[in-house]
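Below, each chain spelled out in residue letters.
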Amino acid sequence: MSYKSIDSLMRHLRQNGISIKGSIQKRQLRNTGYFHGYKGYRFFQHSQNRLPFVSYREIYATIQYDSILKSLLYSKIMFIETAMKNLALESILNKAKSESIQDMLDKTVISYNNASSNITHKQKTDAQKKKLDLQRSIQSSLAYAYKKDNPKITHFYNQNSDVPIWALFEIMTMGDLGYLLSCLTYDVRNDISKRLGINVSADTNRQLIYDYIYLLKDLRNAIAHNAVVFDARFNRKSISNAMKQCLILDIGLPNINFKSIGDYIILICYYLKLLGIPKKEIKVFINAYEKATTSYKKTVNTNVSTIVVPQNLKSRLSILKKFI
């Protein structure tokens, strides 16, 4: 396989209809990388959906737009993760009446013996399997934390005492949180939903508290690993009707499908409002997203911006601001 220098890559881009020249753009290509930068950003969501770029300036503007979005979103997602951990922890402790992880597993997690009497034998055995998987996952997380000398965990083992629930929550990932929430009994999930204030009118089985966490987890991981986020290509989760209807009914949106990063902005704002963040702060967040998107549209040709930026973005954000 032949090696291409930066100059060769620039020549290759020009041969493929992308205008690029000069020391500044050469430096930009070197810093962002041909494979991470150009190849990573030359399409929208799917590799066959190529963006009609005509210059490297547009590609670099797309990379910068993506970076701005990551910076804007990360702190909000981390806040939601922490807040949801604390809401869940409060509800679990209230139900278990204990800080023991084993008591949490016995009193708040669905198993064969405490599952609803009106479900099938298979559903009961599936619930028991999930509980066993959860137990194994918890022990694995604790063992890994101890191996890595995490003081939040080593303190308890070295003092010959059990690790409390709240310490476990300190080392849980967002994915771990989502899985734990999915294993809780209906009563506990219902209690967490009420504490959050989420609209459960379309959420018969109280699944939204973990479905939304899984959705935000994929975005969080994409940001943490410096993957592309501007086109929401990280989303691999099927979206249930309840996930759509909750936001449509509460916010007043005509539709939502999480095929654009704007829908994730909407979900984050929904959580921020439920969690009591001041209106002014949420609107500053929305305005920052709107400003970055408007600025981006000015740096690329219309054929690109039409694909990247939804035509109804302005009206959707207007509806969101009214909800806030």
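Going by the structure above, here's the rest.
A quick note: this is a predicted structure, and the numbers were derived from the prediction, not measured. (Residues numbered from 1 in each chain as written. Predicted model: local features only at pLDDT ≥ 70, side-chain atom pairs only at ≥ 80, totals over all residues. Heavy atoms only, no water.)

**Student:** Give a detailed account of the nonpolar core, specifying residues and quantitative values.
**Tutor:** By size, the foremost hydrophobic cluster in this structure holds 107 residues, and its most contacted members are Leu73, Met104, Phe169, Tyr212 and Leu219. No other element matches the 15 residues that helix 4 (residues 56-96) contributes to this core. (Core = buried A, V, L, I, M, F, W, Y, C linked by side-chain atoms within 4.5 Å. Buried < 20%, exposed > 50% of the residue type's maximum accessible area, 1.4 Å probe, protein only. Helix = DSSP H or I, 4+ residues; strand = E, 2+ residues; numbered from the N terminus.)

**Student:** Lay out the packing of aromatic side chains with the relevant residues and their values.
**Tutor:** If you walk through the whole model with that rule in mind, you get 13 aromatic pairs. Judged by centre distance (5.4 Å) and plane angle (35°), the ring pair of Tyr34 and Tyr38 falls under tilted. Remark: Tyr38 and Tyr34 occur in helix 3 (residues 34-41); sequence separation between them is four residues, near one turn of the helix. Taking relative accessible area as the criterion, Tyr34 reaches 9% and is therefore assigned buried. By relative accessible area, Tyr38 is classed as buried at 5%. Ring geometry for Phe156 and Trp166: centres 5.6 Å apart, planes at 75°, overall edge-to-face. With Phe156 in helix 7 (residues 151-158) and Trp166 in helix 8 (residues 165-171), this residue pair connects regions lying 10 residues apart in the sequence. (Phe/Tyr/Trp six-rings, centres within 6.5 Å; stacked < 30°, edge-to-face > 60°.)

**Student:** Which residues make up unusual backbone geometry, and what are the values?
**Tutor:** Excluding glycine, a negative phi dihedral is what most residues carry, and trans is how most peptide bonds are arranged. Not every positive phi belongs to a glycine, and Gln45 is a case in point at roughly 70°. Mapped onto the elements, Gln45 comes out in the loop between helix 3 and helix 4. When its relative accessible area of 22% is taken as the criterion, Gln45 is described as partly exposed. One non-glycine residue, Asn160, adopts positive backbone phi at about 60°. Relative to the helices and strands, Asn160 resides in the loop between helix 7 and helix 8. On the basis of relative accessibility, which here comes to 73%, the residue Asn160 falls in the exposed class.

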